[in-house]
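Listed below, chain by chain, are the residues.
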Amino acid sequence: LREGDVIYFGVNSHSSCTESLKAVISEHLGLAEDLMDMTPVSLARSPSQMAFLEFFPELVYFQFPPHCANAVLGQHCHKSVGQNALNLRSVFGINVAAIVRRDGSVSWWPGATEAQGGLVRSGDGALICKVPQWECTGSSILSASVDDIRDVLDVSRFKQRLGLDADSVAWRIWQHNVKGMHR
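None of the values given here were measured: they were computed from a predicted structure. (Residues numbered from 1 in each chain as written. Predicted model: local features only at pLDDT ≥ 70, side-chain atom pairs only at ≥ 80, totals over all residues. Heavy atoms only, no water.)

Moving on, we get to the overall build of the chain. Within the chain, the regular secondary structure consists of 7 helices and 8 strands. The buried share of the chain, taken over its 183 residues, is 34%. In the chain, of all internal contacts separated by at least 6 residues, the share reaching a separation of at least 24 is 52%. Of the roughly 11400 Å² of accessible surface on the chain, 54% is carried by carbon and sulfur atoms. (Helix = DSSP H or I, 4+ residues; strand = E, 2+ residues; numbered from the N terminus. Buried < 20%, exposed > 50% of the residue type's maximum accessible area, 1.4 Å probe, protein only. Contact = heavy atoms within 4.5 Å. Areas by Shrake-Rupley, 256 points an atom, 1.4 Å probe, with all protein chains shown as cover.)

Shown next, in the form of structure tokens:
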């Protein structure tokens with residue numbers, strides 16, 4: 001991290017480790033005991049705390065292509081039997097702020113696993129944050145590169161990034177897991 005960098009926290013309220021996460025964040029940011037019990041919004045509004053800002057994120061939407069169905073956002077260790085693992089953050093550099101479900105419901109701040117709201121289903125889309133702009137310097141910047149998003153959308157580039165282009169058996173298993181979602 002460098003001076004002037006911005007860290008934003010999105011905490012999935014369905015996570016069993018929300019309180020632990022809050023404690024770790026508080027400790028690393030050097031928050032006093034009396035500030036640790038505050039919500040992020042009240043902390044940002046506190047006159048005694050100048051390091052926090054409340055802001056409304058700008059989001060960009062893309063629809064997950066069919067080859068991403070039945071895959072968790074996380075790594076191989078986060079998937080269940082019959083699921084695929086996108087490993088979006090590590091492989092593609094994409095942090096998903098929300099999964100927009102086909103029915104219009106939204107899974108905010110999904111985790112890596114299905115239990116944490118991180119399973120992509122057929123017809124789902126993703127919301128990713130733009131980098132907050134604190135000054136009027138023009139248009140805001142995506143938190144992921146356009147090429148990385150294209151690599152998810154284009155099946156050939158997707159297979160290459162995940163190493164599935166060189167392993168036909170692994171790709172067949174991937175396709176089988178995608179089709180397993182539609183049964």
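Additional details are given in the paragraphs that follow.
One finds F64, L73, L86, L88, I94 and W174 to be the most contacted residues of the largest nonpolar core, which totals 23 residues. For this core, the secondary-structure elements that each account for two or more residues are α4 (88–92), β7 (125–131), α5 (146–153) and α7 (168–180). Residues within four places of F64 in sequence aside, it is in contact with L73, L86, L88, V120, D124, G125 and A126. (Core = buried A, V, L, I, M, F, W, Y, C linked by side-chain atoms within 4.5 Å.)

A word on the environment of E114. One can find E114 in the loop between β5 (106–108) and β6 (119–120). Taking the relative accessible area as the measure of exposure, E114 reaches 40% and is therefore partly exposed.

Further remarks concern the environment of W108. Of note, W108 is situated in strand β5. A C-alpha to C-alpha distance of 4.3 Å links W108 and A98, two positions 10 residues apart in sequence.

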